[in-house]
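Here is how the chains run, residue by residue.
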Amino acid sequence: MPHIHLDTPTGPIELHFSIATPTNPSSTTIVPHLPCILFLHSGYSGHEAFESQFCDPRLRGRFNLIGVDMRGYGLTKGKISQEAYSPVDSADDVFRFLKALNLPPVHVFGLAIGCCVALELATTHPELVRSLTLCSPLPATEPEDIATGRLEVFDLWAIAFNHDGRQPPGGDRATLEDVTLGIQQLCFNNQRTTLTDALSKNSLVTATQNRGGSPQGLKESYHATVGWFLHRKPQSREALAKIRCSVRLIHCNEDVAYSVQYAEELEGRLRQAGITDVELFEVPGPHYGSVVNPQAINPILLQHVLSTSNGVGSSLPNAHAHGECKKMTTPFTTRLAVYGYNPDEDEDDWDDCESVSYYPLE
């Protein structure tokens, strides 16, 4: 999978990215005439968290799908050198990535704090964003109880390695299992599939490689899993007014951390800023509903992108033309299979390519 070198105000990084086209699961270039969807992940996992979108022929058969690993995650290389690392910094990295690849304006799908990064990108570089689809958007600031939970998970991570040489090189297994359990509770409500298990295992391995076993690694872990969330700031009405595109908000109604109130508040703030084309949807699923219930979320993304693409991508390739909906290989399928992912596990749920309709909340 490719990397691209970026020089940023806070130091150089080698940003890992993926491009999947209708005919190539791991391309280095886009198909020029097709719209592009950029996926921005949240905490605890890189952009492999979008396996359920990259494998969906309703999306892959029509568009260029692009994902990036943000600093501290996945296979991106580069230090988080600033103490107050925030979505503002991530949005600047994404901007530099888009310019380095000379990509056209993109449709953006954000998950959780990826929504914060997406909003920063759309307010600072509105000319680069065609639409915003925001799944499980976070409140303007992190609620105290959720911040406490993130700190508890971080403290367990610190204990697992102890960072003084006394723990095993790979960390204390029992404590790392507690870390994984805490993350699964937040992200998936402990809903277990081969995909959620594989994502958890893969994330633990990459986090250990990236941030385990040294004082510097401990600092990087704090910046990536705690500071990134705590250092975000509310965007002003003036900033939000710079957004030039339509916005779709998706609240997953089994989210144990963030209630629909926060999505409603964001909807209100966007409308107050003059963004009139805003809709809020509520669908079944946990915080990372795009992983567990893509059958509900992918059609909302599909319909939004199609409605803002002037008809480009409106027809499926012949291979998927008669309602058949077979999962496609992604840049992550093989890697996740190493950790037990079975792409055919929920094949019955993908038998029909007709979109499921979800309607905005009144």
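Remember, predicted model here, so these are calculated numbers, not experimental data. (Residues numbered from 1 in each chain as written. Predicted model: local features only at pLDDT ≥ 70, side-chain atom pairs only at ≥ 80, totals over all residues. Heavy atoms only, no water.)

(A) Geometry of the sheet that holds strand E7 (residues 246–252). One open sheet accounts for eight strands, arranged E1-E2-E4-E3-E5-E6-E7-E8; its pairing is mixed. The open sheet has two edge strands with one neighbour each: strand E1 (3–8) and strand E8 (278–283). Pairs of neighbouring strands in the sheet enclose a mean axial angle of 25 degrees, with direction left out of account. In this structure, E7 lies alongside E8, joined through six bridges in parallel fashion. Across the sheet, Arg-248 pairs through a bridge with Glu-279, a residue of E8. Sheet strands in contact with helix H3 (residues 87–100) are E1, strand E2 (11–20), strand E3 (36–40), strand E4 (64–68) and strand E5 (106–111), and its direction is about 120 degrees off that of E1. Strands strand E6 (129–135), E7 and E8 of the sheet are contacted by helix H10 (residues 260–272), whose axis makes an angle of about 170 degrees with E8. (Pairing = 2+ DSSP bridges. Helix = DSSP H or I, 4+ residues; strand = E, 2+ residues; numbered from the N terminus. Axes fitted to C-alpha atoms, helices over the stretch in contact; angles between N-to-C directions. Contact = heavy atoms within 4.5 Å.)

(B) Spatial organisation of helix H7 (residues 194–211). With 18 residues, H7 should reach 26 Å at 1.5 Å per residue; the first-to-last C-alpha distance of 25 Å fits that figure. Those residues of H7 not exposed but buried are Leu-195, Thr-196, Asp-197, Ala-198, Leu-199, Ser-200, Asn-202, Ser-203, Thr-206, Ala-207, Thr-208 and Arg-211. Buried residues in H7 make contact with helix H1 (51–54), helix H5 (144–161), helix H6 (173–188), helix H8 (215–230), helix H11 (289–292) and helix H13 (333–337). Backbone nitrogen of Leu-195 and a side-chain oxygen of the N-cap are separated by 3.2 Å at the start of H7; the cap is Thr-193. (Expected span 1.5 Å × (residues − 1). Buried < 20%, exposed > 50% of the residue type's maximum accessible area, 1.4 Å probe, protein only. Polar contact = N/O pair within 3.5 Å; in protein donor to acceptor, adjacent residues only side chain to side chain.)

(C) Fine view of H5. Given a rise of 1.5 Å per residue, 18 residues ought to cover 26 Å, and the 26 Å separating the end C-alpha atoms of H5 matches this to within 8%. Turning to H5, its buried residues number three or more, namely Ile-146, Ala-147, Arg-150, Val-153, Phe-154, Trp-157, Ala-158, Ala-160 and Phe-161. Down the axis of H5, the buried set is contained in an arc of 160 degrees. They therefore lie on one face. More than 90 degrees from the buried face of H5, the exposed residues found are Glu-144 and Asp-145. Tucked into the core, H5 has its buried residues touching H6, H7 and H8. Immediately beyond the C-terminal end of H5, within one or two residues, lies Asn-162, with a positive phi of roughly 65 degrees. (Arc of directions from axis to C-beta.)

(D) The arrangement of the pairing of E5 in detail. Most of E5 sits out of view: six of its six residues are buried. Relative to E5, E3 runs parallel, the two being bridged by four bridges. Paired with Phe-39 across the strands is Phe-109, a residue of E5. Sheet topology places E5 next to E6; six bridges connect them, and they run parallel. Bridge assignment links His-107 to a residue of E6, and that residue is Ser-131. In this region the chain leaves E5, passes through helix H4 (residues 113–124) and returns to the parallel neighbour E6; the handedness of that crossover is right-handed. (Right-handed = clockwise from strand over helix to strand, strands pointing away.)

(E) A look at unusual backbone geometry. Unlike most non-glycine residues, Asn-102 shows phi in positive territory, near 55 degrees. Structurally, Asn-102 can be placed in the loop between H3 and E5. For Asn-102, a relative accessible area of 67% gives the class exposed. Notably, Ala-112 is not glycine yet its phi reads approximately 55 degrees, a positive angle. Mapping Ala-112 onto the fold places it in the loop between E5 and H4.

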